[in-house]
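Each chain, written out:
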Amino acid sequence: MSNKILSNKNNLQVIHEDNHIIVVNKRAGDIVQGDKTGDKPLSEVVKSFLKDKYNKEGNVYLGVVHRLDRPTTGIVMFSKTSKALPRLNKLFAEKSAKKTYWALVKKQPPKTEDTLIHWLKKNPKNNKSTAFKKEVEGSKKAILHYKVIQKLDNFYLLEVDLETGRHHQIRVQLASIGCSIKGDLKYGFDRSNKDASISLHARTLRFIHPVKKEDVFITAPLPEDPLWNACNP
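Bear in mind that the values here come from a model prediction, so they are computed numbers and not experimental data.

**Some details on the layout of surface pockets**
Considering only enclosed or pocket space, the second largest pocket measures out at about 670 Å³ in volume. Lining the second largest pocket are 28 residues, with Asp-195, Pro-223, Glu-224, Asp-225 and Trp-228 sitting closest to its centre. Ranked by residues supplied to the lining of the second largest pocket, first place goes to helix H4 (residues 226–229) with three residues. In terms of residue class, the lining of the second largest pocket is made up of ten nonpolar, ten polar and eight charged.

As structure tokens, this is what we get:
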């Protein structure tokens, strides 16, 4: 099990590292991979970290295994070797890597725990997905499981497990039951968070190491925020 901060330099919080893998606790606002904004992506920050740490000359290899939305926080894994990358990609493609999210919502969900099934359709013009109860043209089936794990003063802490990995899936599916995530203006919350984050955190990741064949369990520390600090289910 790994839940310690191994390094916290240059705004990069490393929570797991071995010869083949490095896992970081992403901050809100970081982009995992380069996009049209031109902002420096997390992948380049991690490359710089590895180059400095190991005094490497020339280019550093780093493979992007999966992504998180820009305003979301938590676990992001990268591959340090070309040997591990296709194996890690396969783990995620086959849903063998189990990732759990925590989300803060203001409205009490209709059930203490439930499975949500929708068909999501992405609009690339506004980078937003819409949830439908039945299949429509261009939509993809989306399934998630949630349960309420703590009641706070004015919010509910949900644990969310995904069966599918669709665009903005947790955000749009929770919004569809009236439970927009705190700070998520795009999907109906009434005010933004001060740091432009949304209160959705990739909390844990469990997988079989692609090279060592060992069970790996990683927990990402919660963001420094009074509401997150109150979460202790």
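**Brief notes about unusual backbone geometry**
You will see that Asn-127, though not glycine, has its phi angle at about 50°, which is positive. Looking at the element boundaries, Asn-127 is found in the loop between strand S7 (113–123) and strand S8 (128–132). Even without being a glycine, Ala-196 presents a positive backbone phi close to 65°. With respect to the helices and strands, the residue Ala-196 is situated in the loop between helix H3 (169–176) and strand S11 (200–208).

**A short note on the nonpolar core**
Ranked by internal contacts, the top residues of the largest apolar core, which has 49 residues, are Val-46, Met-77, Phe-78, Leu-174 and Phe-207. The greatest single-element share of this core, amounting to five residues, is contributed by helix H2 (residues 84–93). Of all hydrophobic cores here, the second largest spans ten residues; its members include Trp-102, Phe-155, Leu-227 and Trp-228.

Basis of the calculations
- Residues numbered from 1 in each chain as written.
- Predicted model: local features only at pLDDT ≥ 70, side-chain atom pairs only at ≥ 80, totals over all residues.
- Heavy atoms only, no water.
- 1 Å grid on protein atoms, 1.4 Å probe; cavity = no way out; pocket = protein on both sides within 12 Å on 5 of 7 lines; lining within 4 Å.
- Points joined across faces, edges and corners; volume = space filled by probe spheres on them.
- Helix = DSSP H or I, 4+ residues; strand = E, 2+ residues; numbered from the N terminus.
- Nonpolar A, V, L, I, M, F, W, Y, C, P; charged D, E, K, R; others polar.
- Core = buried A, V, L, I, M, F, W, Y, C linked by side-chain atoms within 4.5 Å.
- Buried < 20%, exposed > 50% of the residue type's maximum accessible area, 1.4 Å probe, protein only.

Taken by themselves, the reported measurements are silent on function.
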